[in-house]
Structure formats: structure tokens, C-alpha cells
Amino acid sequence: MTEKLLIAGNWKMHKTPRQTVEYFEQFKPLVKGLESVEILICPPFIDIPAAVESVKGSPIKIGGQNCFYEKEGAFTGEISPVMLREAGCEYVILGHSERRHIFGESDEVINKKVVAALEEGLRVILCVGETLQERESGLTFTVIETQLKLGLSGVEDKLDKVDIAYEPVWAIGTGVAAKPEDAEEVHRFIYDKLRELNPQKAEKVRVLYGGSVKPSNAESLLSQPHIRGVLVGGASLKPDSFAQIAKIGDTLATSKG
Ligand code: PEP
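Calculation rules
- Just so you know, the residues in each chain are numbered from 1, in the order the chain's sequence is written.
- Predicted model: local features are reported for residues with pLDDT of at least 70 only, side-chain atom pairs are reported and counted for 80 or more only, and whole-chain, interface and lining totals are derived from all residues.
- Side-chain metrics in this entry use all non-hydrogen atoms of the structure; hydrogen atoms and water are not considered.
- The axes are straight lines fitted to the C-alpha atoms, using for helices just the contacting stretch, and the angles between their N-to-C directions are given from 0 to 180°.
- Here a helix means four or more residues in a row that DSSP labels H or I, a strand means two or more in a row labelled E, and each is numbered from the N terminus.
- Orientation is classified from the angle alone, with under 35 degrees giving roughly parallel, over 145 giving roughly antiparallel, 65 to 115 giving roughly perpendicular, and any other angle giving oblique.
- Residue contacts follow a heavy-atom distance rule, with two residues in contact if any of their heavy atoms lie within 4.5 Å.
- Polar here means any residue outside two lists: the nonpolar Ala, Val, Leu, Ile, Met, Phe, Trp, Tyr, Cys and Pro, and the charged Asp, Glu, Lys and Arg; Gly therefore counts as polar.
- The buried label applies to any residue whose accessible area, calculated with a 1.4 Å probe on protein chains only, is under 20% of its type's maximum; exposed applies above 50%, and partly exposed to all values in between.
- Crossing handedness is read from the near helix: turned anticlockwise from the far helix by less than a right angle, it gives a left-handed crossing, and turned clockwise, a right-handed one.
- We call Phe, Tyr and Trp rings a pair once their centres come within 6.5 Å, taking the six-membered ring for Trp, and we label the pair stacked below 30 degrees between planes, edge-to-face above 60, and tilted otherwise.
- Only Lys NZ and Arg CZ are tested; either one counts as a charge over a ring when it is within 6 Å of the ring centre and within 35 degrees of the ring normal.

A. Layout of the packing of helix H5 (residues 107-119) against helix H7 (residues 140-151). Here H5 crosses H7 at 45°, and the two axes come no closer than 8 Å. Judged by the angle between their axes, H5 and H7 are oblique. In contact with Asp 107, Glu 108, Asn 111 and Val 114 of H5, H7 contributes Thr 146, Gln 147, Leu 150 and Gly 151. Split by residue class, the contact of H5 with H7 holds 2 nonpolar, 4 polar and 2 charged.

Structural data, given as C-alpha cells:
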């Protein structure tokens, strides 16, 4: 394993700028000195300046939860990749299941966003995952393959700037995480598909697991060979629980060498 494990937090629509500053005051000392994980937090857009200011001088990175695919223009309510970059973001999450299922984003739209974000020099975390109905109909692997291929169309040569988050929709925010061995099976499949897209760069991609990750299940998930990080929603909102997950990742990564 060449890259550090990625421990990413998605705050969704939680916290104000003031609460963001308070969070980092508590969080930073808790994760000081962890060297085998990369820690990323993706707050709401309005909190990004406070977050970037708060993490100055620390290795913690800040990212966006979404962006549009145009640089600027008459797109009320949207934020462009160049805006995220200039605000100090290094990453952007794209294709999160809430964007797909609540806001109706198609694979084609997500792909345009992936292309635009990479062009701007942001690293992309592309989320993929099946619904419960799709899983029960035996469609998990078909869905994941389609989301990967369409989402990454035209950027296969930039896989070293991409991470994938496997987030089964039925596990997000439900408290019921995938069984580690079931997640591992999908992660292995994702790496097979990434190798088909770009055999040289597939191993550079960190495939993260997301969906009800918490301190109590982080070790069993992160110790799977093809799970190279986690994307954490609810448990990233509390500095101590997110720090515990980061420490678990750091200990595992250190012992794996
Ligand atoms: C997420 O928002 O990406 C997520 C995985 O949420 P939770 O950890 O709360 O299930």
C-alpha cells in the first residue's frame, strides 16, 4: 500500500461557521501526530473559509461536498470548482447518493462535474453505491460498474487524482453498516473495474467505504485488504468520534507498514 488511508468526513448540511471553528479547536489536538492517515473534512460551502482558516498549519484537508461543472455564469445557487479551489479546498465529493437520489443527479451530470473538478486541479471522491432494492434484485455489481464507467468516462488517464467511495445507499445514515466481508467483495470488484479502465493507475485510487461508519466498526472495516479509507457522515460531526476513527486508521496503517 503506497498511499495513506483516507479518513474523510462529510458534514452534509450541519454546522454554522461558528460551530466549525469550535469543532476544529477540539478536533485538532485529538489528531495531532497521526502520520499514516490523511484526514479530510467536507463542510457546507458557507463554512469552508472558517474551516480552511482553522486547519492552517495542520495536515487536515478541506473539501467541498459538491460543485457545478461550469466555471461561472447564470447558475443560481451553484458553486464552481474554481471557487472551491480558490477558497482552499483540495478535494470535492461528487455523486453522493443524496445528490443522486434527492437532487436527481444522473451519471452524465456527475461525469461532467468530475471532468470539470479534475481540470481545476481538485481531487475527486466519486461516490457509488446500490439501493436496497438493487441489492435484493442482485444488481449490486451492475449498478456499481455503470456508475464507475459513466462517472469516470474521459478521465481514465487521471485516476491517480481520483478516490472512490463505495457507499451502499441502504447503509447511509441508517446505523447499519455493510458487513466487512460484503464491503470487501464490492471493493475488490471496484479495483478489478478500475484496472480495466487504467491498469497503471488503478492501484493509486483509494476505495473508501462509507455508510454508518463509527468508532465501534471502523477497525473491522478498515482492516479489510481493499478498504483504503472511510467516508464518514454522522460520526464525523463529533470531534471525539471522528478522531477515534482516524486513530484506528492510523494504528492499522502503521501496523500494515
Ligand atoms: C455519508 O454521508 O457519506 C455517510 C456515509 O453517512 P453516515 O456515515 O452517516 O452513514
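B. Fine view of the side chain of Glu 184. Among the secondary structure elements, Glu 184 is positioned in helix H8 (residues 180-197). The buried category is assigned to Glu 184, whose relative accessible area is 5%. Aside from chain neighbours lying at most four places away, what touches Glu 184 is Gln 224, Pro 225, His 226 and Ile 227.

C. Inspection of the packing of H7 against H8 at higher detail. At a minimum axis separation of 10 Å, H7 and H8 run at an interaxial angle of 40°. With respect to H8, the element H7 is oriented oblique. Crossing hand, H7 versus H8: right-handed. Each of Thr 140, Phe 141, Ile 144, Glu 145, Leu 148 and Lys 149 in H7 lies in contact with H8, whose residues at this interface are Glu 185, Val 186, Phe 189, Ile 190, Lys 193, Leu 194 and Glu 196.

D. Expanded view of the packing of aromatic side chains. Applying the stated criterion across every chain yields a total of 10 aromatic pairs. With a centroid separation of 5.3 Å and 80° between ring planes, the pair formed by Tyr 23 and Phe 24 is classed as edge-to-face. The residues Tyr 23 and Phe 24 share a single accessibility class, namely buried. Among the aromatic residues, those joined into a ring-pair cluster are Trp 11, Tyr 23, Phe 24, Phe 27 and Phe 242. The lysine or arginine in question, Lys 15, covers the ring of Trp 11, its NZ or CZ lying 5.5 Å from the ring centre. Arg 99 extends its terminal NZ or CZ atom over the ring of Phe 103, reaching a point 4.1 Å from the ring centre.

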